[in-house]
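# Summary of the model geometry
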There are 2 protein chains.
Amino acid sequence: MKTSTKNELKITAAPGSFDCTIEREFNAPREMVFNAFADPEIVKLIGPDRLTAKMYHYDFRSGGSYRYAHIDDKGNAHTFNGCFHEVATPEHIIQTFEYENLPERGHVTLDTMMFETLPGNRTKLVIHSICRSVTDRDAMMQSGMETGLEQGYAKLDALFEKNLNL
Amino acid sequence: MKTSTKNELKITAAPGSFDCTIEREFNAPREMVFNAFADPEIVKLIGPDRLTAKMYHYDFRSGGSYRYAHIDDKGNAHTFNGCFHEVATPEHIIQTFEYENLPERGHVTLDTMMFETLPGNRTKLVIHSICRSVTDRDAMMQSGMETGLEQGYAKLDALFEKNLNL
């Protein structure tokens, strides 16, 4: 497997819009990438390097829900929850997402994750995320989301490379 | 109880936006209005007059889900489903919503339903609905949604009046 391919995170957000689009390619076939999001132990990897994930529940099915936290070494938890609107294996996942630590609840996003097959057993993940307002969208963009995803997806890269070389 | 108060449906949608806001007052206290949305037998009432509702499941809790259909006299079903992101009794409900009969799946909305107490034991329901695109929002506005809601909420008016006069 080529590991020289640089898989960059691309985040697109038009000014004044409610939404943003996150794109990331992986050097692994679609089923492997999709299945990573089906497995709570792998989902725990997708976060900043310096934090440890705790999974409270992860009921991965249409109509299911999830809740997990990223916890720092002082025990401070960043907690997230949502429900799975639709799990369409291995094509897409539609889910809600909320960061619980905000001053008020209700700043929820609706995220559609699409898994596209690329040539060479590679996969493109496209996440279309819609916020409840432009303000929410802009706040999310400035939340450190990019670093957390970059570090999390790098851990998936390592896991996929290991699994493909077994 | 005054029944002379005219409770009009108000739908607001800015041109070129992803969202719309639906407002409707009810001559009933907040708990009664909220509880209507907790009861699948009452939720079945909220639809066009000429259709009969069938409830497949309605698991009304944070992380639950629902699915129901409005069926005409020829057996044609209009089917809807979603998941409950958050049920915060009696203040708000955050849920997803999808009309399954569209040519493709995935045109989901994220709906926040807020129940506000008004003077005189009355309640204002404010629904903020966000679509995945302006196109989806415009299509939803032209779907007959307004008539269905008007006819459905009129049935709630009658039910609330009956319950308050018991």
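A brief structural summary. (Residues numbered from 1 in each chain as written. Chains lettered and ligands numbered in written order. Predicted model: local features only at pLDDT ≥ 70, side-chain atom pairs only at ≥ 80, totals over all residues. Heavy atoms only, no water.)

The next thing to look at is the pattern of salt bridges. Residue and element names in this part refer to chain A. Inspection of the entire model under this criterion finds 20 salt bridges over all chains. Ionic pairing is found between Asp59 and Arg61, a salt bridge with its closest N-O pair at 2.9 Å. Counted as one network, the salt bridges with shared partners bring together Lys10, Glu23 and Lys124. (Salt bridge = Lys/Arg side-chain N within 4 Å of Asp/Glu carboxyl O.)

Turning to the sheet that holds strand S3 (residues 52–58) of chain A, a few remarks are in order. Residue and element names in this part refer to chain A. Strand order in this open sheet of eight strands is S1-S2-S8-S7-S6-S5-S4-S3, and the pairing throughout is antiparallel. In this open sheet, the two edge strands, each paired with only one partner strand, are strand S1 (10–12) and S3. Strand after strand, the sheet turns through a mean of 20° between neighbouring axes, direction not considered. Pairing geometry for strand S7 (residues 108–118) and strand S8 (residues 122–130), over nine bridges, is antiparallel. Looking at S8, one finds that Asp111 is bridged to Ser129. (Pairing = 2+ DSSP bridges. Helix = DSSP H or I, 4+ residues; strand = E, 2+ residues; numbered from the N terminus. Axes fitted to C-alpha atoms, helices over the stretch in contact; angles between N-to-C directions.)

What follows is about the interface of chain B and chain A. Of the residues lining the interface, 27 residues belong to chain B; the matching set on chain A comes to 27 residues. Carbon and sulfur atoms supply 63% of the area buried between chain B and chain A, which totals about 1900 Å² over both sides. Our count for the chain B to chain A interface comes out at eight residue pairs in polar contact (both at pLDDT 80 or more). Listing elements by their share of the side of chain B that touches chain A, those giving two or more residues are strand S5 (77–88), strand S6 (92–99), strand S7 (108–118) and strand S8 (122–130) of chain B. Counting residues per element, the side of chain B that touches chain A draws most heavily on S5(B), at six residues. (Contact = heavy atoms within 4.5 Å. Buried area = accessible area lost by both parts, 1.4 Å probe. Polar contact = N/O pair within 3.5 Å; in protein donor to acceptor, adjacent residues only side chain to side chain.)

All names here are of chain A. Close contact between helix H1 (residues 30–38) and helix H4 (residues 145–164) brings their axes to 11 Å; oriented N to C, the two are set at 125°. Classed by the angle they form, the pair H1 and H4 counts as oblique. Viewed along their axes, H1 and H4 form a crossing whose handedness is right-handed. Here Met32, Val33, Ala36 and Phe37 of H1 come into contact with H4, specifically with Tyr153, Leu156, Phe160, Asn163 and Leu164. (Parallel < 35°, antiparallel > 145°, perpendicular 65-115°, else oblique. Left-handed = near helix turned anticlockwise from the far one by under 90°.)

A covalent bond between the sulfur atoms of two cysteines is referred to as a disulfide. Scanning the entire structure with this criterion turns up one disulfide over all chains. Between the sulfur atoms of Cys83(A) and its disulfide mate Cys83(B) the distance is 2.4 Å. What sets the handedness of the Cys83(A) and Cys83(B) disulfide is the S-S torsion sign, and at about 65° it is right-handed. Taken together, the residues span two chains, with Cys83(A) in strand S5 (residues 77–88) and Cys83(B) in strand S5. This pair shows no difference in class: Cys83(A) is buried, exactly as Cys83(B) is. Here Cys131(A) is not disulfide-linked; the sulfur of Cys20(A) is the nearest cysteine sulfur, at 6.2 Å. (Disulfide = S-S within 2.5 Å. Buried < 20%, exposed > 50% of the residue type's maximum accessible area, 1.4 Å probe, protein only.)

So, to be careful, I would describe these as geometric facts and stop short of saying anything about function.
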